[in-house]
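Structural overview
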Amino acid sequence: MKETNVICPYCGTGCGIKLTSHDNKIVKIEGVKANPVNEGHLCLKGLYGWDYVESKDRLTKPLIRKKDGVFSKEGTFEESSWDEALSLVVSKMKEAKETYGPDSIVGNFSARCTLEENYLAQKFMRAIIGTNNVDHCARVCHAPTVAGLAKTIGNGTATNSFTEFEEHTNCIMMIGSNPENAHPIAAMYIQRAINRGAKLIVIDPIRTEFAQKADVFIQLPPEYNIPIINALINHIIAKDLYDKEFVEKYTHGFEYLKEAVKEYTPQKVSEMTGVDAKLLIKAAELYATVSPAAITHGMGVTHFNHGVGNVCDISNIMLITGNIGKLGAGDLPLRGQQNVQGACDMGVLPNIFPNLKLVSSAENKAFFEKLWDCKQPLSTEIGIHKTEVPDAIMDGRVKVFYTIGENPVMSEPNTNHFLKGISKLDFYVVQDIFMTETALKADVVFPAVSVGEKQGCYLNAERRVQLNDKTLDPKGEAKQDWEIICELAKRFGATDFDYEKPEDIWNEVRRADPARFGGISYARLQGKEGIAWPCPSEDHPGTPSLYMDKKFFTKDTKANLVPVIFIDNKDNMVDAEDELRKKLNLPENYPCMVGSVDEKVDEVYPISLLTTRKVYQYTVGTMTRRSKTLEYGGDSHGPSAEIHPDLAKRYNLKNHDFIKVESRYGYIALLVEITEVVPDNIMQMAFHYWEGLCNELTSGGWDYTTKTPTYKAAVRMEKITQEEYSTIMGLKKMKFKTSKIIYDDYHHE
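Per chain, the residues get numbers from 1 upward, laid out in the order the sequence is written. Reporting of local features is limited, given that this is a predicted model, to residues whose pLDDT is at least 70; pairs of side-chain atoms are given and counted only at 80 or more, and all residues count toward the totals for whole chains, interfaces and linings. To get the side-chain values, take all heavy atoms of the structure and skip hydrogens and water.

1. Concerning the packing of aromatic side chains
The test is simple: Only centres within 6.5 Å qualify two rings of Phe, Tyr or Trp (six-membered ring in Trp) as a pair; their planes then separate them into stacked at under 30 degrees, edge-to-face at over 60, and tilted for everything else. Per the convention used, a helix needs a DSSP run of H or I reaching at least four residues, while a strand needs a run of E reaching at least two, with both numbered from the N terminus. Throughout this description, buried means an accessible area under 20% of the type-specific maximum (1.4 Å probe, protein chains only), exposed means over 50%, and partly exposed covers the range between.
Across all of its chains, the model carries 23 aromatic pairs by this definition. Their ring planes at 70 degrees and their centres at 6.3 Å tell us that Y119 and W372 sit as a pair that is edge-to-face. Linking Y119 in helix α3 (residues 115–129) with W372 in the loop between α16 (362–371) and α17 (389–394), this pair joins segments that are 253 residues apart in sequence. This pair shows no difference in class: Y119 is buried, exactly as W372 is. Look at F367 and F368: their rings are 5.0 Å apart centre to centre, the planes differ by 90 degrees, and that puts the pair in the edge-to-face class. Using a relative accessible area of 37% as the deciding quantity, one classes F367 as partly exposed.

2. Focus on the sheet that holds strand β20 (residues 531–532)
Filter applied, for reference: Paired strands, as defined in this entry, are two strands with at least two bridges between them according to DSSP. It only takes one pair of heavy atoms within 4.5 Å for two residues to be counted as in contact. Working convention: axes come from line fits to C-alpha atoms, limited for helices to the stretch in contact. Angles between N-to-C directions cover 0 to 180 degrees.
The strand order across the open sheet formed by 3 strands is β18-β19-β20, and the pairing between neighbours is antiparallel. The open sheet has two free edges, formed respectively by β18 (456–459) and β20, since each of these has just one partner strand. The pairing of β18 with strand β19 (residues 464–468) spans 4 bridges and is antiparallel. Directly across from C457, in β19, lies its bridge partner L467. Here α3 sits on the sheet and contacts β18 and β19; the angle it forms with β18, its principal contact strand, is near 90 degrees.

3. Quick word on the nonpolar core
How we decide: Nonpolar cores were defined as sets of buried Ala, Val, Leu, Ile, Met, Phe, Trp, Tyr and Cys residues, with membership established by side-chain atoms within 4.5 Å.
Counting residues in each nonpolar core, the largest one holds 68 residues, and the members touching the most others are M173, I201, I203, I317 and I320. When residues no more than four places from it in sequence are discounted, the contact partners of I320 are I233, I236, I237, Y242, D243, V247, F254, L257 and L561.

4. Quick look at the sheet that holds strand β1 (residues 2–7)
The 3 strands are arranged β1-β2-β3 in an open sheet whose pairing can be described as antiparallel. Both edges of this open sheet fall to β1 and β3 (25–31), since each of them pairs with a single strand only. This sheet shows a mean twist of 30 degrees between the axes of neighbouring strands, independent of strand direction. Relative to strand β2 (residues 16–22), β1 is paired through 6 bridges, and the arrangement is antiparallel.

5. What about empty space enclosed by the protein?
We count it as follows: Cavities and pockets are found on a 1 Å grid laid over the protein atoms alone: a cavity is a set of points where a 1.4 Å probe fits but cannot escape, a pocket is an open set with protein on both sides within 12 Å along at least five of seven lines, and a lining residue has an atom within 4 Å of such a point. Grid points are joined across faces, edges and corners, and a volume is the space filled by probe spheres set on the points. Residue polarity is assigned by list, with Asp, Glu, Lys and Arg as charged and Ala, Val, Leu, Ile, Met, Phe, Trp, Tyr, Cys and Pro as nonpolar; anything else, Gly included, falls into the polar class.
Under the defined criterion, the tally for this structure stands at 3 cavities of 30 Å³ or more. Space inside the largest cavity adds up to approximately 280 Å³. If you trace the largest cavity, you find 27 residues lining it, with R112, G405, D432, I433 and M623 closest to the centre. Its residues assigned to classes, the lining of the largest cavity shows 12 nonpolar, 10 polar and 5 charged. Of the pockets and cavities examined, the second largest cavity occupies roughly 60 Å³. Lining the second largest cavity are C8, Y10, C11, T13, G14, C15, L42, C43, G46 and I185. Classifying every residue of the lining of the second largest cavity by side-chain character gives 7 nonpolar, 3 polar and no charged.

6. Looking at the packing of helix α2 (residues 82–100) against helix α20 (residues 481–491)
Counted only if it meets this: Roughly parallel means an angle under 35 degrees; roughly antiparallel means over 145; roughly perpendicular covers 65 to 115; every other angle is labelled oblique. Here is the rule for handedness: rotate from the far helix to the near one, and if that takes an anticlockwise turn smaller than a right angle the crossing is left-handed, while a clockwise turn gives right-handed.
Following both chains from N to C, one finds α2 and α20 inclined at 60 degrees, their axes separated by 10 Å at the closest point. Classified by the interaxial angle, the pair formed by α2 and α20 is oblique. Judged by the twist between their axes, the crossing of α2 over α20 is right-handed. Each of W82, D83, L86, S87, V89, V90 and K94 in α2 lies in contact with α20, whose residues at this interface are I484, E487, L488 and R491. In terms of residue class, the contact of α2 with α20 is made up of 6 nonpolar, 1 polar and 4 charged.

7. Here's the deal with the pairing of strand β29 (residues 713–720)
As paired strands, strand β24 (residues 607–612) and β29 are joined by 3 bridges and run antiparallel to one another. Counted as the bridge partner of I607 is V715 from β29. With 5 bridges connecting them, strand β26 (residues 658–662) and β29 associate as antiparallel partners. For E662, the partnering residue across the bridge sits in β29 and is R716.

8. Some words on the environment of P62
Take P62: it is sitting in the loop between α1 (44–48) and β4 (63–67). Assessed through its relative accessible area of 0%, P62 is described here as buried. Linking P62 and V444, residues 382 residues apart in sequence, is a C-alpha distance of 7.4 Å.

9. Some points on the packing of helix α8 (residues 225–238) against helix α11 (residues 266–273)
In the contact formed by α8 and α11, the axes pass within 9 Å of each other and the chain directions differ by 165 degrees. Comparing their axes, α11 and α8 come out roughly antiparallel. The chirality of how α8 crosses α11 is left-handed. Here P227, I228, A231, N234 and H235 of α8 lie close against α11, whose contacting residues are P266, V269, M272 and T273. Of the residues in the contact of α8 with α11, the class split is 6 nonpolar, 3 polar and no charged.

10. Quick word on helix α7 (residues 184–196)
Worth spelling out the cut-off: By this rule, a helix spans an expected 1.5 Å times one less than how many residues it contains.
Under the 1.5 Å per step criterion, the end-to-end length of α7 is 18 Å for 13 residues, consistent within 8% with the ideal 18 Å. Buried within α7 are the following residues: P184, I185, A186, A187, M188, Y189, I190, A193 and I194. Next to the buried residues of α7 lie α5 (165–168), β9 (171–175), α6 (179–182), β10 (199–203) and β13 (293–297).

11. Re the pattern of salt bridges
Filter applied, for reference: Just to be clear on terms, a salt bridge is a Lys or Arg side-chain nitrogen sitting within 4 Å of an Asp or Glu carboxyl oxygen.
This structure, assessed with the given rule, holds 52 salt bridges. A salt bridge links R491 to D83; the nearest nitrogen and oxygen atoms lie 2.8 Å apart. Linking R491 in helix α20 with D83 in helix α2, this pair joins segments that are 408 residues apart in sequence. Looking at D83, the relative accessible area reads 48%, which means it is partly exposed.

12. What about unusual backbone geometry?
Omega for the peptide link from S291 to P292 comes to -5 degrees, which places this bond in the cis form. Along the chain, P292 turns up in the loop between α12 (277–289) and β13. The omega angle of the peptide bond from W533 to P534 is 0 degrees, so this bond is cis rather than trans. Inspection of the secondary structure assignment puts P534 in the loop between β20 and β21 (559–560).

Following this line, the structure appears as structure tokens:
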């Protein structure tokens, strides 16, 4: 028997797991009791979600789409040698680069790959291809968190460790998040705080499990976070509950904020939202007076056309109450994937290098040209964002697309638009462990390895770097992601991709960003259960809690209070921002934000669609749906549309009736689940299932700063028969489970 420690391959909590293996198979899964993240506890996915590693449909050999023995986009997949597959991909990349320029190639990489692999992926695109067209799933989740916190406190990451909840936090404000489903171990620490007597405020359209036990539950209409938070700020200022000393010493812009929220009294916001003004007052007073208070937020904050504005407003209320820079306080964005914080920190974004410095800076460009011994100048142009890729393909800018460890056919919004985009590609390369719904649409598929088959570092939502040990040998001819990237680079003539092991890559990361990672060596990680950055030297303990010295990552170390307002018509957001600037007489480049509902309901599409996650599944189901315990045990009936009893009654629907749901962007069929946790005129769906993929319904709307999708839509529904449902399922199977690219020609905008 062999025992190794790995990091859970699911959410961004970063739980430690001990795998016991025999004959290259996992035979036992246990939580690591010494790991401070989970203390030996595991959620359903961490405990039972490992069947995928041994799944018989794992990819084991490279695949090329061929016809009559040669590559053809009209062909079918055939197994090939690594040399043939790598050579074909490099030839197509070279052809695109020489004919159309380096920006005709786009790379979307993976929050399930290690830090070392993500670092190499962006290095390959920047130093070898010559483009900043790199991005990953943070674009579709917490990019507004990164941008919003950067505007206010200078850095877009968690301020504290969620393990502090248990002992230190006396008030928790949970906004747009359901950690009981998406982050159960983080939720454990919240529950421990509540058990100790901490107060809980929940702001959410859905009556989540935590909402049902909250001291204050604010059930707001979808997309109305800004008015609600502004009302809390208004009351805190009006009643003189803000921390005057903190505001004066450590912030800018208090008068701008005070003026911006002046009209958002609890009474007026109550009229706007239907939320009782007494609840708003109680929440404001609890958060301002019960200290230390912490905020957790999720996609219910970022998936808006004003996601960055929401985050700025969260930061505003945190700052004016002085709830930052102390244990048990701060803002803890709960990150959705194992290494999504890490992929950001490795520079897998179109605008920053792996040291968080802008690609447009000549100084930063020179630093990395020297570090990477570049044979060509690095680009200073901001790259194409992940959500812009379909349009960039259709307008001729992008010819080659390289995807590692993501399944965008399932995970991108407005599925039909994405499928239409990739149908126009010259060449598509996918690197994965399964023939996913996306891999089926590729031209070449590289077989990669799972978390149990690789060594490397992962970085969780609280900035904790942890080392993942290799447990198993790869399946068949599958290769490590970093090895595949190196093979591609060498075929371009690169001489500095000759790493022998992941530790060699990690040591280069430490040189690229010594302030954050310089003191985090493999040797130290093997003796510790993680080290939080920044950790500049090997005698530094790491930094679980930021800003304890009240110095922020801004130029003058003071935080910015950002005025944020809400308007009725999204078409007027630009004008409203200009008017706000003039009204407040803001200095040039001082930030301010405006928000609005992105797609309103109407007579044709009268229901608001919201998306969510379930505790027994993970993202698009690629791993969890291969677990019998999770798929057939926890997940009793698969995809469903959750609606309120009153809405069901108006449509003459009973529990588990079949319905067809349609938006301006697509249609799906699924079962009804009637529940009072969802308010009337709202429909909630999970995005785990190709059979009822809610992203076929979601719009192309996005946050105007980060281009993060809203993942919402106005929809309509109708009751259908089981026969009609079966017919639609046949069409969806053709769409998602064959290698033909099929899309319904709805709105592609």
